[in-house]
Amino acid sequence: MANIKDVAERAGVSVATVSRVLNGHSPVAETRERVLAAVRELGYRPNNVARALRTARTGALGLIISDLTNPFFTELADAVEDEARSLGYSLIIGNAGERPEQQDDHIRTLLDRRIDGLLVSSAGTGSAMLGEVVGSGTPLVLLDRTVPGIDAPCVRADGRAAMTDLAAHLAALGRRRPAIIVAPAGTPTGDERLDLFRTALAAHGIGLPDERVGAAHDLQHTGGRRVMSDLLDLPQRPDAVLATDNLMALGAMDELKARGLRVPDDVALVSYDDVPWFAHTDPPLTVIAQPTRELGRVAVHTLLARIEGRPAGSVLLPARLVTRRSCGEPPAH
């Protein structure tokens, strides 16, 4: 069985360099890739028990995802795991299912397993155990969602520029009665996206009155469909709808189809989140795309910085508008 010296010889580096790579201390990219390639070729497996005895670390990270059935969070979890493994860490994942009490159960289990650090994309507005994580000294990084009252860096997308672009896009296409489907009231992400959309529209003289703001009871297909139904029943139907989550966008699409309404001829539709099949719907859906894999990668490195006692602050990565055909865009030539 290969040992760390074999890996060092294969990669042409010192044993100390191999150790640094496997403990998440990344040297220059070329050296790191050479070491990881040698690890894969030789099938080397670090002895995490021995490493934990020497360093008081277990080589394991925890990840709590708010809802693994949501394609955005599924890809986010995959990105986190890929980056963690490339740096020599194992990852233990818990699915909160958008239930704070289930999130707390996972956090207790992970703390009992003495993980080196924890990433949390929180259910709702947080849960009681998050405060205990901070109090315990376990390194914590929030992912995608801020949590009021929790002092921890957060890695998330910045939708400001994308919302500005979307408002300009809708205005240019003559859409003057926009509506929005948002997360349950009080959810920081949903509140922020509503504020950004409303502000961006105002710059074009377009209002977003409260009757055209629909808060779903959950971030699921059913919630999006129910809110779309309410919006379509307004005395003056909206001519464009932004769904601030991909599953809610699918529910909105289904309600439009059930009523015999066409996208974009009758109502334009935009999703905040992109998923692979949105490029293949009829019509292809215009979206605000988040840098999902980069969010996962940066979150891992932010957490490792906290584990190693290095400065680590919050990070905002820009989302972007991807225009397709669901708002009445002219055909591409």
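Since we're looking at a predicted model, the values are computed, not measured.

Q: Hey, could you run me through unusual backbone geometry in this one?
A: Negative phi is the rule for most residues except glycine; trans is the rule for most peptide bonds. Across the junction of valine 263 and proline 264, the peptide omega takes the value 5°, indicating a cis bond. The phi dihedral of arginine 114 falls on the positive side, at around 55°, and the residue is not glycine. Within the secondary structure, arginine 114 sits in the loop between helix H6 (100-112) and strand S3 (117-120). Residue classification places arginine 114 among the exposed positions, given a relative accessible area of 59%. The backbone of aspartate 273 shows a phi angle near 125°, a positive value even though the residue is not glycine. Its place among the elements puts aspartate 273 in the loop between strand S9 (268-272) and strand S10 (286-289).

Q: Would you explain the domain arrangement of the protein in this entry?
A: Note on interface size: it is often stated as the accessible area lost on association of the parts. Split into domains, the protein comes out as domain 1 (4-46), domain 2 (58-156 + 292-318) and domain 3 (158-290). On a C-alpha basis, the centres of domain 2 and domain 3 stand 28 Å from each other. Facing 17 residues of domain 2, the contacting portion of domain 3 comprises 16 residues. At the boundary of domain 2 with domain 3, total buried surface from both sides reaches about 1,200 Å², with 48% on carbon and sulfur atoms. For the domain 2 face of the interface with domain 3, the top three residues by lost area are Asn70, Pro71 and Phe72, together amounting to 29%. Counting every contact that joins domain 2 to domain 3 gives one salt bridge. Ionic pairing is found between arginine 156 and glutamate 192, a salt bridge with its closest N-O pair at 3.0 Å. Counting across the interface, domain 2 meets domain 3 through six residue pairs in polar contact (both at pLDDT 80 or more). Taken together, the elements giving at least two residues each to the side of domain 2 that touches domain 3 come down to helix H5 (71-86) and strand S11 (315-318).

Q: Sorry, what's going on with the environment of valine 275 here?
A: Positionally, valine 275 belongs in the loop between S9 and S10. Overall, the relative accessible area of 5% leaves valine 275 in the buried class. Here the alpha-carbon distance between valine 275 and asparagine 70, two residues 205 residues apart in the chain, equals 10.0 Å. The contacts of valine 275, once residues within four sequence positions are left out, are Pro71 and Asn246.

Q: What is the right way to look at the sheet that holds strand S12 (residues 320-322) in this model?
A: Sheet strands associate in pairs through backbone hydrogen bonding, adopting either a parallel or an antiparallel arrangement. Spatially, S7-S6-S8-S9-S10-S12 is the arrangement adopted by the six strands of the open sheet, whose pairing is mixed. Two strands in the sheet have a free side with no partner beyond their single neighbour: strand S7 (213-215) and S12. Averaged over all adjacent pairs, the angle separating strand axes in this sheet is 20°, with direction ignored. Summarising the sheet, S9 and S10 pair through three bridges and their orientation is parallel. Paired with valine 270 across the two strands is threonine 286, which belongs to S10. Helix H10 (residues 221-232) contacts strand S6 (178-182), S7, strand S8 (240-243) and S9 of the sheet and is inclined by roughly 150° relative to S6. Sheet strands touched by helix H11 (residues 246-258): S6, S8 and S9. Its angle to S9, the strand with the most contacts, is close to 160°.

Q: I would appreciate a short explanation of the environment of arginine 259 in the present structure.
A: Residue position: arginine 259 is located in the loop between H11 and S9. Since its relative accessible area comes to 33%, arginine 259 is described here as partly exposed. For the pair arginine 259 and methionine 129, spaced 130 residues apart in sequence, the C-alpha to C-alpha distance is 44 Å. Sequence-distant contacts of arginine 259, defined by excluding residues within four places in its chain, comprise Ser229, Leu232 and Asp233. A polar contact is formed between the side chain of arginine 259 and the side chain of glutamate 255, at a distance of 2.8 Å.

Q: Would you take a moment to explain the packing of aromatic side chains for this structure?
A: By convention here, two paired aromatic rings are described through the distance between centres and the angle between planes. Considering all chains together, one arrives at two aromatic pairs under this definition. Look at phenylalanine 72 and phenylalanine 73: their rings are 4.9 Å apart centre to centre, the planes differ by 70°, and that puts the pair in the edge-to-face class. Residue phenylalanine 73 is classed as buried on the basis of its relative accessible area, which comes to 3%. When the centroid spacing of 6.5 Å and the interplanar angle of 80° are considered together, the rings of tryptophan 277 and phenylalanine 278 count as edge-to-face. Relative accessible area serves as the criterion here: at 39%, tryptophan 277 is assigned to the partly exposed category. A residue is classified by how much of its surface remains accessible, and phenylalanine 278, at 0% relative accessible area, is buried. Geometry around tyrosine 272 places arginine 193 over its ring, the cationic atom sitting 3.8 Å from the centre.

Criteria and cut-off values
- Residues numbered from 1 in each chain as written.
- Predicted model: local features only at pLDDT ≥ 70, side-chain atom pairs only at ≥ 80, totals over all residues.
- Heavy atoms only, no water.
- Helix = DSSP H or I, 4+ residues; strand = E, 2+ residues; numbered from the N terminus.
- Buried < 20%, exposed > 50% of the residue type's maximum accessible area, 1.4 Å probe, protein only.
- Domains from an automatic or database assignment.
- Contact = heavy atoms within 4.5 Å.
- Buried area = accessible area lost by both parts, 1.4 Å probe.
- Salt bridge = Lys/Arg side-chain N within 4 Å of Asp/Glu carboxyl O.
- Polar contact = N/O pair within 3.5 Å; in protein donor to acceptor, adjacent residues only side chain to side chain.
- Pairing = 2+ DSSP bridges.
- Axes fitted to C-alpha atoms, helices over the stretch in contact; angles between N-to-C directions.
- Phe/Tyr/Trp six-rings, centres within 6.5 Å; stacked < 30°, edge-to-face > 60°.
- Lys NZ or Arg CZ within 6 Å of the ring centre and 35° of its normal.

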